[in-house]
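Reading the structure
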Amino acid sequence: MALHRIKAILLQEYFMTYRSLETIVDVFVYPSMNIAVFGFISKYLLGSTNQGIFLSLIVAMLFWQVFSTTQYTVNVATLWNMWAHNLTNLFASPLTLLEYFTAHAISALIKALLVFGIGSLIAYFQFGYSVIQLPFSFLLIMILNLYVAGIAIGLVLIGFIFAYGIRIQAITWAFISIIQPLASVFYPLSILPEPFQSIARAIPLTYMFEALRQTIQDGFVSPSTLQLLVTGSMSTSFYFFLSLLIFKHLIDSSRQTGQFAKNDL
Amino acid sequence: MNPLLKVDQLAKDLGSFRAVDGISFEIPKGKIVGLLGKNGAGKTTTIHMLLGITTPTSGSISYFGKDFNSHRQTSLQRINYISSYNTLLGRTTVLENLQIYARLYNTQGHKEKIRELLTYFEVGDMKNKIYEDLSSGQKTRVNLVKSLLNEPELILMDEPTASLDPDIADKTLSLIENWRKEKNISILYTSHNMQEVSRICDDVLFLSNGTIIEHDTPQNLAKKVTKAELILTYEKDPKQALEYLQGRSILYEQRHPSQLIIQTQEQDIPRIIFDISKTGLWMNDITINKPTLEDFFLQISRDTNGTP
């Protein structure tokens, strides 16, 4: 891996972000508005009757942005290059896929932390909740898991686009809206109908958001919450490595079939 | 001396279709080699394999004497690519785009290098313009700047002037020719424009159905088309000339009463002119249309299509 090539892609990311109003809106405006609007709706519905659930909803929305921003960044950065027919130019240089996605992973982390920071300020000033009330290690584990899960999903989705063409690009937006209700982001797992609970248990995010609700409710990380965090982290790691294998398989297939080059024509 | 690029028995199957069928060729230093063929002949697939973007089914590629597969990054550091089908990021400025590539190629003194190249290709005043706002000709010249940032020894050019007006294409081609003379770089050049290929290529590889069916200089390939066209224009009805042509069973066409269009072997033209002039007819004009690379292209295309 060459640092100068990673820096080059980070520079590209920087230029693409500040030159694209769509990206600024998608990455910074929508998430902030989501947190604010979600908070207001929750406050309207729950008032002061159930402060615990109210906070769980806002904080869940806040953490969800870490996952969605990461996945969005990994996917849309590559789509921009495909839309611009620039991908072949990039990979005709000594740039490797590892360097390219390392740069996007760094960019995704920066954006996810910025969105989380902005969202935290909204939560604090508008709804009086400070995320630093959560134990620091818990906060770190949550962000790390959601970030890694976002990378994993992003890689698999972009792998499918490499392999099957830009015509399936809608999966980058659709997938997130499918996974959100299944992963019990805003409600306990027990709310889901039984067949969906089984699916939800196979998703690492489910354990992380269950752990989040418990921690907000308890005010500390209980042994059962810790158990959820461990299961969630192990599951995230497993899916991350699986996503690397799937991504490699899809990229190889894309290069074999010639689709990799066709995506850019 | 090792060739810059050596391709050996390169093949690519796309499903059940064999897009490239065991081609072999070399590009020596300082040469421009044209890769010609109809649409679907395998030109772009070959270029994509040469860039490592499409995986070959079999065969080998080596750059600078080293296997491409095991020396991908060092090879790509010394070559570059330009295509009319691949552009730079539309929303960012020319300078921003070039800065990205200068960093990718680790170009030393990249600010000076970018300025020098933009000036050479006469787009220096475009550097702060948004790339998608440029004209096709300006974009092509900016893409050329991108393709020279790493001072490549070999450039793969896939129809670089395809979307340009003839005058802009001509100017772009002149800039490429001058740069090649100054820097002694090698180029693999694909194009549908036979005049362009005849003008700048030292050698031409003719690709048909994934195989190289001819490899020669543009001039020698044109000579393989033996038929030429002789157009004779007279002051009045060329009766004696017609008798001469009919007597020797030479094919001709009379589109105008005073004009004869004669289809014949190129080497027979002097004799025909000499014989007809002896009849005492006064010729107003003589035009000889010698075979060109385009004629060869059309002949090969007809042959491979099975049409007469």
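No experiment lies behind these values; they were computed from the predicted model shown.

What follows covers the overall build of chain B. A count of helices and strands for chain B gives eleven helices and 14 strands. Each of the three principal axes of chain B carries a C-alpha extent, and together these read 75 × 45 × 35 Å. Taking all 308 residues of chain B together, 51% fall into the buried category. At a minimum sequence separation of 6, the contacts of chain B that also span at least 24 residues come to 70%. If you sum the accessible surface of chain B, you get close to 14,100 Å²; carbon and sulfur atoms cover 46% of it.

This part is about helix 3 (residues 94–104) of chain B. Summarising burial for helix 3 of chain B: nine of the eleven residues are buried, a large majority. All of the buried residues along helix 3 of chain B are B:Val94, B:Glu96, B:Asn97, B:Leu98, B:Gln99, B:Ile100, B:Tyr101, B:Ala102 and B:Leu104. Looking at the buried positions of helix 3 of chain B, the neighbouring elements they touch are helix 1 (3–19) and helix 4 (87–91) of chain A together with helix 2 (72–78), helix 4 (110–120) and helix 5 (136–148) of chain B. The positive-phi residue at the C-terminal boundary of helix 3 of chain B is B:Asn106, with phi of around 55 degrees.

Quick look at the packing of aromatic side chains now. Tallying each qualifying case throughout the model produces 24 aromatic pairs over all chains. Among the aromatic residues, those joined into a cluster by ring pairs are A:Phe91, A:Tyr100, A:Phe101, A:Phe162, A:Phe247 and A:Phe260. Here the basic side chain of B:Arg78 rests over the ring of B:Phe64, its NZ or CZ set 3.7 Å away from the ring centre.

What follows covers a nonpolar patch on the surface. On the surface, A:Val29, A:Met33, A:Val37, A:Ile41, A:Tyr44 and A:Leu45 cluster together into a nonpolar patch covering about 640 Å² of accessible area. If you trace the backbone, A:Leu45 turns up in helix 2 (residues 21–46).

Within a sheet, neighbouring strands are paired by backbone hydrogen bonds and run either parallel or antiparallel to one another. Residue and element names in this part refer to chain B. Across the sheet, four strands lie side by side as 12-13-11-14; this open sheet has antiparallel pairing. The open sheet has two edge strands with one neighbour each: strand 12 (252–256) and strand 14 (283–289). Strand-to-strand twist across the sheet, computed as the mean angle between neighbouring axes with direction ignored, equals 20 degrees. As paired strands, strand 11 (residues 227–234) and strand 13 (residues 259–265) are joined by seven bridges and run antiparallel to one another. Residue pairing for strand 13: Lys227 is matched across the bridge by Gln265.

A few words now on the interface of chain A and chain B. On the chain B side, the residues contacting the 36 residues of chain A number 33 residues. Taken together, the two surfaces of chain A and chain B that pack against each other cover about 3,100 Å², and 57% of this comes from carbon and sulfur. Two residues, B:Arg91 and A:Glu22, come together in a salt bridge whose shortest N-O distance is 2.7 Å. Counting the contacts that link chain A with chain B gives 15 residue pairs in polar contact (both at pLDDT 80 or more). Listing elements by their share of the side of chain A that touches chain B, those giving two or more residues are helix 1, helix 2, helix 3 (51–83), helix 4, helix 10 (223–257) and helix 11 (259–262) of chain A. Sort the elements by how many residues they give to the side of chain A that touches chain B and helix 1 of chain A lands first, with ten residues. When the residues that make up the side of chain A that touches chain B are grouped by side-chain class, the tally is 17 nonpolar, 13 polar and six charged.

Residue and element names in this part refer to chain B. Although it is not a glycine, Gln9 adopts a positive phi angle of roughly 50 degrees. With respect to the helices and strands, the residue Gln9 is situated in strand 1 (residues 5–14). The partly exposed category is assigned to Gln9, whose relative accessible area is 46%. Phi is positive for Asn184, close to 55 degrees, though the residue is something other than glycine. Within the fold, Asn184 resides in the loop between helix 6 (166–183) and strand 8 (186–190).

All right, on to the confidence of the model for chain B then. Here chain B averages 89 in pLDDT, while 98% of its residues score no lower than 70. Complex prediction metrics read pTM 0.87 and ipTM 0.91.

Residue and element names in this part refer to chain A. Where helix 6 (residues 136–164) contacts helix 9 (residues 204–218), the axes come no closer than 10 Å and their chain directions differ by 155 degrees. Taken as axis vectors, helix 6 and helix 9 run roughly antiparallel relative to one another. Of the two possible hands of crossing, helix 6 and helix 9 adopt the one that is left-handed. On the side of helix 6, the interface is formed by Phe138, Ile141, Met142, Asn145, Leu146 and Ala149, while helix 9 contributes Leu205, Met208, Phe209, Ala211, Leu212 and Thr215. In the contact of helix 6 with helix 9, the residues fall into ten nonpolar, two polar and no charged.

Moving on, we come to the side chain of A:Asn75. Residues and elements named next belong to chain A. Tracing the backbone shows Asn75 in helix 3. Judged by relative accessible area, which is 0%, Asn75 ranks as buried. In this structure, Asn75 is in contact with Gly154, Leu157, Ile158 and Thr172, ignoring residues within four places of it in sequence.

Cut-offs used in this document
Sequence order as written defines the numbering, with residues in each chain counted from 1. Chains and ligands are labelled sequentially in the order written, the chains with letters from A and the ligands with numbers from 1. In view of the model being predicted, local features appear only for residues whose pLDDT reaches at least 70, and side-chain atom pairs are presented and counted only at 80 or more, with totals across whole chains, interfaces and linings using the full set of residues. Side-chain measures here rest on the full set of heavy atoms in the structure, leaving out hydrogens and waters. A run of H or I in DSSP becomes a helix once it reaches four residues, and a run of E becomes a strand once it reaches two; helices and strands are each numbered from the N terminus. Buried, partly exposed and exposed residues are distinguished by accessible area as a fraction of the type maximum, computed with a 1.4 Å probe on protein chains only: under 20%, between the cut-offs, and over 50%, respectively. Note on contacts: a residue pair qualifies if any of its non-hydrogen atoms lie within 4.5 Å across the two residues. Throughout, the Shrake-Rupley method with a 1.4 Å probe supplies accessible areas, and for residues the shown protein chains are the sole cover considered. A pair of Phe, Tyr and Trp rings is counted when the ring centres sit within 6.5 Å of each other, with Trp represented by its six-membered ring. The angle between the planes then sorts it: under 30 degrees is stacked, over 60 is edge-to-face, the rest tilted. In this scheme, the term charge over a ring applies when either NZ of a lysine or CZ of an arginine sits within 6 Å of the ring centre and within 35 degrees of the ring normal. Nonpolar side chains (Val, Leu, Ile, Met, Phe, Trp, Tyr) are joined into patches within 5 Å and like charges within 9 Å, using only residues with over 30% relative accessible area and no salt bridge. Salt bridges are defined by distance alone: a side-chain nitrogen of Lys or Arg within 4 Å of a carboxyl oxygen of Asp or Glu. Here, strands pair whenever DSSP counts at least two bridges between them. In this description, a line fitted to the C-alpha atoms serves as the axis of each element, helices being fitted only across the stretch in contact, and the angle between N-to-C directions of two axes falls anywhere from 0 to 180 degrees. The term buried area means the drop in 1.4 Å probe accessible area that two parts suffer when joined, counted for both and summed. Here a polar contact is recorded for every N or O atom pair within 3.5 Å, except that within protein the pair must consist of a potential hydrogen donor and a potential acceptor, and residues adjacent in sequence are included only if both atoms are side-chain atoms. By the convention adopted, Pro, Cys, Tyr, Trp, Phe, Met, Ile, Leu, Val and Ala count as nonpolar, Lys, Arg, Asp and Glu as charged, and the other residues, Gly among them, as polar. pLDDT expresses, on a scale from 0 to 100, how confident the predictor is about each individual residue. In what follows, roughly perpendicular refers to angles from 65 to 115 degrees, roughly parallel to angles under 35, roughly antiparallel to angles over 145, and oblique to any angle outside these ranges. The handedness criterion is simple: a crossing whose near helix is rotated anticlockwise from the far helix by less than a right angle is left-handed, and one whose near helix is rotated clockwise is right-handed.

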